[in-house]
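What follows is each chain in one-letter form.
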Amino acid sequence: MPLLAAACGLVAGTTLALLAGQTSPLAAAAIMAGLVVAGAVMLFPELGLLLTAFVIPLERVGRLTDDNAVQTLSLMRFVGMLALGAFLLHALLKKWQLRFGGPILLYGAYFAFGVLTVLFTSDREGGMRTAGQVAGNLAFLFLVVNIVRSWRLAKLGAITWLAASVLAGTWTIYNWHFSGGDRIVGEQHIGSTSKRFKATMDDDSKWDKLEGAVQRAQGTTSHPAVHGINMVVTLPFWVYLFRVARSPWARGAAAASLAICLYNIFLTNTRAAILLAAVVLALTALRRLVEITPGRLVAGLLLATAGLYFVPEDVWTRVLDLSRYFSGQNTGTFGLRLQFWDAALEGASRNPWLGHGMGNQTIVPALVEGASPTRISAHNEYLNMLLEVGIIGWVLMFGTVFLLVRSSFRAAWLFRTLPGHEEQYWFMVASQIALISALLYGVQVDVFHFPLKPWWFVAGLAVAL
């Protein structure tokens, strides 16, 4: 070990000396800090998990390449691979037994099958991009399942992710209300790293039949729909923390964080996300994650009514104006989405077993009359998966999802039967609601094609516990 430490110091010192003459002091300081962090992670792999959890919400902000790049580089990927490398090194030296299990093996089979479909796809670039994303999910799931070997680390990792989500949500609120007219304008800037620090976009989609553009918060992610589901997944955990908190200030912090995430969901101006948030909160009550007393019910209704006063006008225009739904003004997106679904079914029927290739987004627009985009998904994860990888890939993918969700129920049952594990039980109830929320979201958008790291993190914790 002393020899290893000396070698690392020699290499790092030489590297820093070489870089000192070629880089600015700020860049040199950043490199030095990165080396210190990397060294700490190599010594303590659990720290790597916490760092990975912290950068989960920083999707677009931490990305080094644009979303449309074939090979994307991001802070999440670097930190995750560093954490995985540190864990594997410790596992080798300490002879730890690696955990695989059904979900990892089945998702690995889905990845292998998906890569094979890329060989005959008509959208090779989309296939390579999606295959890289699936590989990242697989590595992330493997890391969480293997490195989390105690309840303390699982809870600390979850709190780290939640704290980062609140920070991202707070920054989004500030950007919406106080950044003036400097917004991300139009579709051309979605996923662009040049606009990474702009959390609000102007949506001028003609599908909604609106006069002019409306503002939608995309936060630290690449799209409002992604920011919406990222915030929705946090909701049951804030309720869980409110339930298990032992002090008034801790309960107040959980309630305030819940309010920040809920407000962010409204700022996304996404109908499905707002509706799903209501469903998730209802599920927390039905599963008794929160005890509904008459006083709490009245207080909740009063706060919700008062909160509507702060909802921006753009959200009323696009989502909450009920007259638009009854007058037929909102049929644009709904009607087009039905056309996408019909196109996906038709495309899937032409190659039902193998599909048209992982990540293929050229089939749907080719089958929708008058569709202006040349690449677009089915806007339904279940149909989109069937279109891309056929029945075989569909079974592998959703077989994985089934095993992951089942793990949360099995863990909850185990904790419920063990004395003194009430907090762990309620954590797993929150996990169940979070995991199911993405499945509901997938009915109207291809949710598993998103950088859905919060979902995979919760799923990994469920398997590990």
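Look up a bit, the structure's there.
Note that the coordinates shown come from a computational prediction; the quantities given were computed from them, not determined experimentally.

Thresholds, definitions, all that
Residues numbered from 1 in each chain as written. Predicted model: local features only at pLDDT ≥ 70, side-chain atom pairs only at ≥ 80, totals over all residues. Heavy atoms only, no water. Buried < 20%, exposed > 50% of the residue type's maximum accessible area, 1.4 Å probe, protein only. Helix = DSSP H or I, 4+ residues; strand = E, 2+ residues; numbered from the N terminus. Pairing = 2+ DSSP bridges. Core = buried A, V, L, I, M, F, W, Y, C linked by side-chain atoms within 4.5 Å. Contact = heavy atoms within 4.5 Å. Salt bridge = Lys/Arg side-chain N within 4 Å of Asp/Glu carboxyl O. Expected span 1.5 Å × (residues − 1). Patch = residues over 30% accessible without salt bridge, like charges linked within 9 Å, V, L, I, M, F, W, Y side chains within 5 Å. Areas by Shrake-Rupley, 256 points an atom, 1.4 Å probe, with all protein chains shown as cover. Axes fitted to C-alpha atoms, helices over the stretch in contact; angles between N-to-C directions. Parallel < 35°, antiparallel > 145°, perpendicular 65-115°, else oblique. Left-handed = near helix turned anticlockwise from the far one by under 90°. Nonpolar A, V, L, I, M, F, W, Y, C, P; charged D, E, K, R; others polar. Phe/Tyr/Trp six-rings, centres within 6.5 Å; stacked < 30°, edge-to-face > 60°. Lys NZ or Arg CZ within 6 Å of the ring centre and 35° of its normal.

Visitor: Any chance you could explain the pairing of strand 2 (residues 200-203) here in plain terms?
Guide: Working note: regular strand, side chains alternate between the two faces of the sheet. Of the two faces of strand 2, the one lined by Thr200 and Asp202 and the one lined by Met201 and Asp203 are each fully buried. Summarising the sheet, strand 2 and strand 3 (residues 214-217) pair through four bridges and their orientation is antiparallel. By the bridge assignment, Asp202 is partnered in strand 3 with Gln215.

Visitor: When you look at the nonpolar core in this model, what are you seeing that I'm missing?
Guide: The nonpolar side chains of a soluble globular protein tend to be buried, and buried together. Core analysis: the largest hydrophobic core is formed by 96 residues, its most contacted members being Tyr441, Trp455 and Trp456. In contact with Tyr441, not counting residues within four places along its chain, are Ala225, Ile229, Thr270, Ala272, Ala273, Leu276, Val447 and Phe450. Formed by eleven residues, the second largest nonpolar core is a distinct cluster that contains Phe340, Ala344, Ile363 and Leu383.

Visitor: How should I be thinking about the side chain of Gln444 in this particular structure?
Guide: With respect to the helices, strands and loops of the structure, Gln444 is situated in the loop between helix 17 (422-441) and helix 18 (453-464). Given the relative accessible area of 19%, Gln444 is considered buried. Discounting residues that sit within four places of it in the chain, Gln444 has contacts with Ala272, Arg337, Trp341, His379 and Asn380.

Visitor: Sorry if this is basic, but what is going on with the pattern of salt bridges here?
Guide: Side chains that differ in charge, positive against negative, can pair when their charged atoms come close. What the rule picks out here adds up to five salt bridges. The partner of Lys155 in a salt bridge is Glu423, and the shortest N-O contact between them spans 2.4 Å. Residue Lys155 is located in helix 7 (residues 151-178), and its partner Glu423 is located in helix 17; the two are separated by 268 residues in the primary sequence. Assessed through its relative accessible area of 24%, Lys155 is described here as partly exposed.

Visitor: Help me understand unusual backbone geometry, please; the structure alone is not making it clear to me.
Guide: Comment: phi is negative for the bulk of residues other than glycine, and the bulk of peptide bonds are trans. Its identity is not glycine, yet Arg288 carries a phi of approximately 60°, on the positive side. Structurally, the position occupied by Arg288 is in the loop between helix 10 (271-286) and helix 11 (294-307). Arg288 gets classed as exposed once you look at its relative accessible area, which sits at 63%. One non-glycine residue, His379, adopts positive backbone phi at about 55°. We classify His379 as buried; its relative accessible area is 16%.

Visitor: I would appreciate a short explanation of helix 9 (residues 248-267) in the present structure.
Guide: Think of an α-helix as 3.6 residues a turn; residues three or four steps apart then line up on the same face. End to end, helix 9 covers 29 Å across 20 residues, agreeing with the expected 28 Å (1.5 Å per residue, within 8%). All buried positions along helix 9 are accounted for by Ala254, Ser257, Leu258, Cys261, Tyr263, Asn264, Ile265 and Leu267. In this structure, the buried residues of helix 9 make contact with helix 7, strand 3, helix 8 (224-244) and helix 10. Downstream of helix 9 by a residue or two, Asn269 has a phi angle that is positive, lying close to 55°.

Visitor: In this structure, what is going on with a nonpolar patch on the surface? I would like to understand it.
Guide: On the surface, a nonpolar cluster with roughly 770 Å² of combined accessible area is contributed by Leu116, Leu119, Phe120, Trp353, Leu354, Ile391, Ile392 and Val395. In terms of residues, the nonpolar patch owes the most to one element, helix 16 (residues 381-417), which gives three residues. Inspection of the secondary structure assignment puts Leu354 in the loop between helix 14 (331-350) and helix 15 (363-367).

Visitor: Sorry, what's going on with the packing of helix 7 against helix 9 here?
Guide: When two helices pack together, you describe them by how their axes are tilted relative to each other and by the distance separating the axes. The interhelical angle for the contact between helix 7 and helix 9, taken along N-to-C directions, is 50°, at an axis separation of 9 Å. It follows from the interaxial angle that helix 7 and helix 9 lie oblique. As helix 7 packs across helix 9, the resulting crossing turns out to be left-handed. The residues of helix 9 that touch helix 7, namely those facing Val166, Gly169, Thr170, Thr172, Ile173, Trp176 and His177, are Ser257, Ile260, Cys261, Tyr263, Asn264 and Leu267. For the contact of helix 7 with helix 9, a count of residues per class yields seven nonpolar, six polar and no charged.

Visitor: Is there a simple way to think about the packing of aromatic side chains in this case?
Guide: Within a pair of aromatic rings, the relevant descriptors are the distance that separates the centres and the angle that separates the planes. Counting across every chain of the model gives 18 aromatic pairs. On the basis of an interplanar angle of 25° and a centroid distance of 5.7 Å, the ring pair of Tyr107 and Tyr110 is categorised as stacked. Of this pair, Tyr107 and Tyr110 both sit in helix 5 (residues 101-118), three residues apart, which is roughly one turn of the helix. Note on accessibility: Tyr107 and Tyr110 belong to one class, buried. Clustering of aromatic rings is evident, with ring pairs tying together Tyr107, Tyr110, Tyr382, Trp394, Phe398, Phe448, Trp455 and Trp456. Directly above the ring of Trp426 sits Arg243, whose terminal nitrogen or CZ lies 3.9 Å from the centroid. Taking NZ or CZ as reference, Arg251 lies 4.9 Å from the ring centre of Phe242, over its face.

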